[in-house]
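Listed below, chain by chain, are the residues.
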Amino acid sequence: MADILPTLLFAEHDDASLNPVTARALTAALALGAPVHVLVAGENAQAAAQAAARLDGVAEVLLADGPAFAHRLAEPVAALGVALAPAYGALIAPSTAVGKSVMPRIAALIDVMQVSDVIAVVAPDTFDRPIYAGNAIQRVRATDATRVLTIRTAAFAAAGEGNAAPLRTLDLAEPSAHSHFVGEDIAASARPELTAARIIVSGGRALGSAEKFHEIVEPLADALGAAVGASRAAVDAGYAPNDWQVGQTGKVVAPDLYVALGISGAIQHLAGMKDSKVIVAINKDEDAPIFQVADYGLVGDLFEIVPELKAEIAKAKA
Amino acid sequence: MKILVPVKRVVDYNVKIRVKADGSGVELANIKMSMNPFDEIAVEEALRLREAGTASEVIAVSIGPAKTDETIRTALAMGADRGIWVKTEEAGQGNTVEPLTVAKLLKAIVEAEGPSLVILGKQAIDDDSNQTGQMLAALLGWPQATFASKVVVGDGTLDVTREIDGGLQTLRLDLPAVLTTDLRLNEPRYASLPNIMKAKKKPIEQKNAAELGVDLAPRLEILSTTEPSGRTAGIKVASAAELVGHLKQAGVL
Ligand SMILES: Cc1cc2nc3c(=O)[nH]c(=O)nc-3n(C[C@H](O)[C@H](O)[C@H](O)COP(=O)(O)OP(=O)(O)OC[C@H]3O[C@@H](n4cnc5c(N)ncnc54)[C@H](O)[C@@H]3O)c2cc1C
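The numbers attached to residues start from 1 for each chain and follow its sequence in the written order. For this description, chains carry letters from A and ligands carry numbers from 1, given in the order in which they are written. Predicted model: local features are reported for residues with pLDDT of at least 70 only, side-chain atom pairs are reported and counted for 80 or more only, and whole-chain, interface and lining totals are derived from all residues. Only heavy atoms go into the side-chain values, all of them from the structure, while hydrogens and water stay out.

A. The packing of helix H4 (residues 97-109) of chain A against helix H4 (residues 132-140) of chain B, seen in detail. Every angle, taken between N-to-C directions, lies between 0 and 180 degrees, and every axis is a line fitted to C-alpha atoms, over only the stretch in contact when it is a helix. Runs of H or I in DSSP of at least four residues are treated as helices and runs of E of at least two as strands, each being numbered from the N terminus. For the pair H4 of chain A and H4 of chain B, the least separation of the axes is 8 Å and the interaxial angle reads 50°. Taken together, H4 of chain A and H4 of chain B sit at an angle that is classed as oblique. The way H4 of chain A lies across H4 of chain B gives a crossing that is right-handed. For the pair formed by H4 of chain A and H4 of chain B, the contact residues are Lys-100, Ser-101, Pro-104, Arg-105, Ala-107, Ala-108 and Leu-109 of chain A on the first element and Gln-134, Met-135, Ala-137, Ala-138 and Leu-139 of chain B on the second. Geometric relationships in this document are graded by angle, where less than 35 degrees denotes roughly parallel, more than 145 denotes roughly antiparallel, 65 to 115 denotes roughly perpendicular, and other angles denote oblique. It is the rotation of the near helix from the far one that decides the hand of a crossing: anticlockwise by less than a right angle makes it left-handed, clockwise makes it right-handed. The contact rule is simple, with two residues in contact once any of their heavy atoms fall within 4.5 Å.

B. Representation of the sheet that holds strand E16 (residues 296-299) of chain A within the structure. Across the sheet, which stays open at both edges, the 6 strands sit in the order E13(A)-E12(A)-E14(A)-E15(A)-E16(A)-E13(B) with parallel pairing between neighbours. Bordering the open sheet on either side are strand E13 (227-230) of chain A together with strand E13 (235-237) of chain B, each of which pairs with just one other strand. Direction aside, the axes of adjacent strands within the sheet are offset by 20° on average. When DSSP finds two or more bridges between two strands, those strands count as paired. By the bridge criterion, 4 bridges tie strand E15 (residues 278-283) of chain A to E16 of chain A in an arrangement that is parallel.

C. Molecular detail of the domain arrangement of chain A. Residues and elements named next belong to chain A. For the purposes of this description, domain bounds are those given by an automatic or database domain assignment. Examined at the domain level, chain A breaks down into domain 1 (7-169) and domain 2 (194-317). Centre-to-centre separation of domain 1 and domain 2, based on C-alpha positions: 30 Å. Taken together, the contact between domain 1 and domain 2 spans 9 residues of the former and 9 residues of the latter. Once two parts are put together, the accessible area they lose, assessed with a 1.4 Å probe and summed over both, is termed the buried area. Approximately 690 Å² of surface area, both sides summed, lies buried where domain 1 meets domain 2, with 55% of it carried by carbon and sulfur atoms. One speaks of a salt bridge when a side-chain nitrogen belonging to Lys or Arg is within 4 Å of a carboxyl oxygen belonging to Asp or Glu. Counting the contacts that link domain 1 with domain 2 gives 0 salt bridges. Here a polar contact means two N or O atoms within 3.5 Å. Within protein one must be a hydrogen donor candidate and the other an acceptor candidate, and residues neighboring in sequence count only if both atoms are side-chain atoms. At the surface where domain 1 touches domain 2, the tally comes to 1 residue pair in polar contact (both at pLDDT 80 or more). Each residue receives one of three labels: charged for Asp, Glu, Lys and Arg, nonpolar for Ala, Val, Leu, Ile, Met, Phe, Trp, Tyr, Cys and Pro, and polar for the others, Gly being one of them. Per-class residue counts for the side of domain 1 that touches domain 2 are 5 nonpolar, 2 polar and 2 charged.

D. Geometry of the side chain of Ser-224 of chain B. Tracing the backbone through its elements, the reader meets Ser-224 of chain B in strand E12 (residues 220-226). Excluding its chain neighbours within four sequence positions, the residues that come into contact with Ser-224 of chain B are Ile-137, Gln-138 and Arg-139 of chain A together with Gly-23 of chain B.

E. The arrangement of the interface of chain A and chain B in detail. The interface is formed by 88 residues belonging to chain A together with 76 residues belonging to chain B. Here chain A meets chain B over a buried area of about 6,900 Å², counting both sides, of which 56% is carbon and sulfur. Here chain A is connected to chain B by 6 salt bridges. In this structure, Asp-111 of chain A and Arg-219 of chain B form a salt bridge, with 2.9 Å as the shortest nitrogen-oxygen distance. If you look at where chain A meets chain B, you find 48 residue pairs in polar contact (both at pLDDT 80 or more). Of the residues belonging to the side of chain A that touches chain B, the class tally is 41 nonpolar, 22 polar and 25 charged. Of the strand pairs in this sheet, strand E8 (residues 136-142) of chain A and E12 of chain B are connected by 6 bridges, and their pairing is antiparallel.

Right, dumping it as structure tokens:
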């Protein structure tokens, strides 16, 4: 099919580097069966564009570089997407804060109904997506000529690296007229990112304070080389920063190992982690719903068990 | 300034939904319905802006079939001044009102009412789409700030702190603008009994979706709705040492 329109994948990146969710969304994009172009929009984003060109299966990288795209505000990136849309059969982005903000804007402007949080590509126009916090899976067929999708990246494996796709620089830039960047507060962390981590240790309301969260949850995470997550209750109470929230309305993760400490297992939390390969729960209430999804449950006081667990892990790793 | 707050009637967040055995959808008969929690946060924020003297009027709007007015009434009982109900057919297979359609209907309401600010929830907890606010902003050509956790009104502008993937970001939007709420923006109030009584007398204007000139036909064909592949409970272990033994064996350490 030579006349098939290519797919445009919006890269998730911070200019300097490509976020690993991009390689996962690429797997979903490739499943549509058309050549995939990756769009890198940013300011001084050459490095991210080069990283995108190395991803296997990418036919071409488009770089839109300039002050208009600094911080990837929704308005200019959506305007760019709308300008590029006629040449594409599908526009795709990972379900990140940027992807969720930009893609519906584009969809509305080209009069397309978006399919959010795709977890499986059944056919080039047919997708599975979770509804009701993942308690039901809807299979939908998109009837618009162009498809606009966001991808739940935890559901797709990452594409490999070793490619050298050509890079094309775009000179389209429509600065944001009515929305202006004021500032950002992004915590630098040596730990793996939640959405990319192989192991996650999460803490809940049971931790009781930010100090205890820091004293109990974080050392266990570090012993495991893990990312740190939290329940909504822990975030609301200020024990953990908002971007650590795992769940229906936070981050959706599927690591090899998920350790839930003092988390009850509300449906909204389960929605964000129940596709993890192995789940461990430590909770003093033996009837806590988290045990219904846990492979290994330990009933007891986390303040006693977690230090022991940390010591056992150190022994096992020695 | 006027603030428009779209609110959606959804299955209450405490209800564990059931998928119909024939794959045609989710069981909705005799199930507790409530206002989408993110929309409660949106109503609360609008009320606080009115109470601070920044906003003059808060209008709650909802799009939906019979009983949707109950949800508008909840917003009125919280303190919204008046309501607009865009009445649609009973929801079901083939006549879902999709986010794009909702955004088009809301655009027509915005054009009629002239608010300077529209505050929506970031997502509805039934379809989890996270689209309507962004789509409305796009159709109006207005700036947007999604996932708001703090809002400060300036002179013709709005400083909005947003919950983004790595932390927080602050944007300044020129008004008029569209905001979507995140969980940490505020804690919504409960409606007091006197306010529930007062809300019964507040006006709800009814509109018909068709008369707003919007095509309601869905663009996504729902082929099936199924249960997710379930997880079964594993085993209970007695000690940290036993747990580590299992994890080593499972190859995840
Ligand atoms: C619109 C909406 C969206 C939401 N989105 C999310 C979301 O994305 N993510 C999310 O997580 N939640 C979300 N929630 C909240 C969710 O409903 C729960 O309230 C929340 O997950 C509970 O957090 P928790 O398990 O930490 O607290 P709790 O439910 O209070 O559980 C604490 C647990 O700790 C145990 N415990 C107490 N002390 C100890 C001890 N010393 N040792 C061991 N165990 C102990 C208790 O037995 C209990 O099981 C949302 C809710 C709404 C309404």
